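Take a look at the letters that make up each chain.
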Amino acid sequence: MTSLPAPSWIVGCGKMAGAMVEGWRRAGVDLSEITAIRPSGTPVEGVRTVTSLPPGNPAFVLLGVKPQKLDEVAPELAKRLNSNTILVSILAGVELASLRHRFPAAGHILRAMPNLPVSEGRGIVAIFDGQSHDARSVTDDLFAPLGNVVRTESEADLAAIGSLAGAGPAYVARFIAALAKAGVDRGLDPALADQLALGTVLGTATMAAARGESMASIARRVASPNGTTEAGLVILDAELDRLVGQTLQAASRRGAELADAARIE
Ligand SMILES: NC(=O)c1ccc[n+]([C@@H]2O[C@H](COP(=O)([O-])OP(=O)(O)OC[C@H]3O[C@@H](n4cnc5c(N)ncnc54)[C@H](OP(=O)(O)O)[C@@H]3O)[C@@H](O)[C@H]2O)c1
């Protein structure tokens, strides 16, 4: 059974770190060594939850606060870390150098960019470890049950992955909602439209993954020349690339602002 190093702390266990805990729990990972730290004390299913750092020194830390809260938690946390500690930060934007500056004693610092479907073991976890391979066996075991683990060679790539995969579930959710709303506008019952929109996206993604088929090929197989789908694609294609491009650009810009804010000159 995979287990986390003892003791493990999750400092900030809200939506994203909470989804990782859920993914581990579903995969049968032993959570007995985890303590979740969150000021509200809101329980995290399957793990001991406390409102402030417990006594002692953690072997593993998952840092899951908002980037804006980093300087609130860093001074106290930094004092508890030593050369045996592996610290994994999921903070969007905040660079390895900024983390190293705040946690000078930590043995290993890695950045991970997960996305929410890790809760179902269907997420993406991108990892940047600054070429330090030492902590890999621990983190590989930990992230594998959460979905697709991708290693990146640069923080620029990690930022791009964050704008695509980290933020992506929100964009996909909006598309599914828009599909359903357009169905309602065509006279469908709202509950049925929701079911059809979700089922269509899920079915298409499952089929593409199972067959290894390109999106262009799928679109071609649905849209016959001068048919109904093609009439729709004329409208969608006119705007979609530009819109999605600008969406990821805006997310990247915000990531760069967060990186700047955390940088210590
Ligand atoms: N949401 C996503 O899809 C996603 C994807 C990729 C990366 N991320 C990254 O994940 C991080 C967390 O995002 P989130 O969406 O999970 O936010 P969130 O739900 O607001 O979670 C933040 C957590 O930090 C805790 N916290 C706040 N102040 C703290 C303190 N002083 N000490 C310890 N814990 C503290 C909060 O505690 P309470 O619960 O008690 O309020 C909460 O559990 C961010 O850095 C974000 O960039 C998020």
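The structure displayed is predicted, hence computed values, not measured ones. (Residues numbered from 1 in each chain as written. Predicted model: local features only at pLDDT ≥ 70, side-chain atom pairs only at ≥ 80, totals over all residues. Heavy atoms only, no water.)

**Q** Give me the domain arrangement of the protein: which residues, what numbers.
**A** On domain assignment, one finds that the protein holds domain 1 (8–162) and domain 2 (168–260). Distance between the C-alpha centres of domain 1 and domain 2: 31 Å. Contacts between the two partners involve eight residues from domain 1 and, on the opposite side, five residues from domain 2. Buried area between domain 1 and domain 2, both sides added, is near 510 Å², and the carbon and sulfur share of it is 63%. Connecting domain 1 to domain 2 are zero salt bridges. Inspection of the region where domain 1 meets domain 2 yields zero residue pairs in polar contact (both at pLDDT 80 or more). Grouping the amino acids of the side of domain 1 that touches domain 2 by side-chain chemistry returns four nonpolar, three polar and one charged. (Domains from an automatic or database assignment. Contact = heavy atoms within 4.5 Å. Buried area = accessible area lost by both parts, 1.4 Å probe. Salt bridge = Lys/Arg side-chain N within 4 Å of Asp/Glu carboxyl O. Polar contact = N/O pair within 3.5 Å; in protein donor to acceptor, adjacent residues only side chain to side chain. Nonpolar A, V, L, I, M, F, W, Y, C, P; charged D, E, K, R; others polar.)

**Q** Provide a residue-level description of the pattern of salt bridges, including the pertinent values.
**A** What the rule picks out here adds up to 16 salt bridges. The partner of R102 in a salt bridge is D71, and the shortest N-O contact between them spans 2.6 Å. With R102 in helix α3 (residues 96–102) and D71 in helix α2 (residues 70–80), the pair connects residues that are 31 residues apart, well separated along the chain. Residue classification places R102 among the buried residues on the basis of a relative accessible area of 10%. With its nearest N and O atoms 3.3 Å apart, the salt bridge here joins K181 to D185. (Helix = DSSP H or I, 4+ residues; strand = E, 2+ residues; numbered from the N terminus. Buried < 20%, exposed > 50% of the residue type's maximum accessible area, 1.4 Å probe, protein only.)

**Q** Describe the environment of L146, naming the residues involved and giving the relevant values.
**A** Mapped onto the fold, L146 is located in the loop between α4 (136–143) and β8 (147–151). For L146 and S119, which are 27 residues apart along the polypeptide, the C-alpha to C-alpha distance reads 7.0 Å. Beyond its immediate sequence surroundings of up to four residues, L146 is in contact with M20, G23, W24, P117, V118, G121, R122, G123 and V125.

**Q** Which residues make up α4, and what are the values?
**A** Those residues of α4 lying buried are R136, T139, L142 and F143. Axial view of α4: buried residues confined to an arc of 135 degrees, hence all on one face. Where α4 is buried, its residues contact α1 (15–26), β4 (60–63), β5 (86–89), β6 (108–114), β7 (123–128) and β8. (Arc of directions from axis to C-beta.)

**Q** Tell me about the side chain of D129, residues and numbers included.
**A** Relative to the helices and strands, D129 is located in the loop between β7 and α4. In this structure D129 comes out as buried when scored by relative accessible area, which is 5%. Side-chain polar atoms of D129 contact the side chain of R151, separated by 3.3 Å. If we skip the residues at most four places from it in the chain, D129 touches L96, I109, L110, R136 and R151.

**Q** So what about the nonpolar core? Which residues, and what values?
**A** Within the largest apolar cluster, 29 residues are counted, with the highest numbers of intra-cluster contacts made by M20, W24, L62 and F143. Taken together, the elements giving at least two residues each to this core come down to α1, β2 (34–37), β4, β5, β6, β7 and α4. A total of six residues in this core trace back to one element, the largest contributor, which is α1. Once residues lying within four places of it in the same chain are set aside, the contact partners of M20 are L62, I90, P114, V118, F143 and L146. Ranked by size, the runner-up nonpolar core spans 26 residues in total, among them L53, V65, A126 and A262. (Core = buried A, V, L, I, M, F, W, Y, C linked by side-chain atoms within 4.5 Å.)

**Q** Tell me about the sheet that holds β6, residues and numbers included.
**A** Sheet architecture is open: eight strands sit in the order β3-β2-β1-β4-β5-β6-β7-β8, paired in mixed fashion. Two strands in the sheet have a free side with no partner beyond their single neighbour: β3 (48–50) and β8. Averaged over all pairs of adjacent strands, the angle between their axes in this sheet comes to 25 degrees, without regard to strand direction. Relative to β6, β5 runs parallel, the two being bridged by four bridges. (Pairing = 2+ DSSP bridges. Axes fitted to C-alpha atoms, helices over the stretch in contact; angles between N-to-C directions.)

**Q** Explain the side chain of S89 to me, and be specific about the residues and the numbers.
**A** By the element assignment, S89 lies in strand β5. Given the relative accessible area of 0%, S89 is considered buried. A distance of 3.1 Å separates the side chain of S89 from the backbone nitrogen of L91, its partner in a polar contact. When neighbours within four sequence positions are excluded, S89 is seen to be in contact with L63, L99, L110, R111 and A112.

**Q** Any chance you could break down the packing of helix α6 (residues 168–185) against helix α7 (residues 190–211) for me, citing the residues and the numbers?
**A** Look at α6 against α7: their axes get within 8 Å of each other, and the N-to-C directions meet at 135 degrees. With respect to α7, the axis of α6 lies oblique. You can see that α6 and α7 cross each other, and the crossing is right-handed. Note on element contacts: α7 touches α6 through P190, A193, D194, A197, L198 and V201, opposite V172, F175, I176, L179, A180 and V184. A breakdown of the residues in the contact of α6 with α7 according to their chemical character gives eleven nonpolar, no polar and one charged. (Parallel < 35°, antiparallel > 145°, perpendicular 65-115°, else oblique. Left-handed = near helix turned anticlockwise from the far one by under 90°.)

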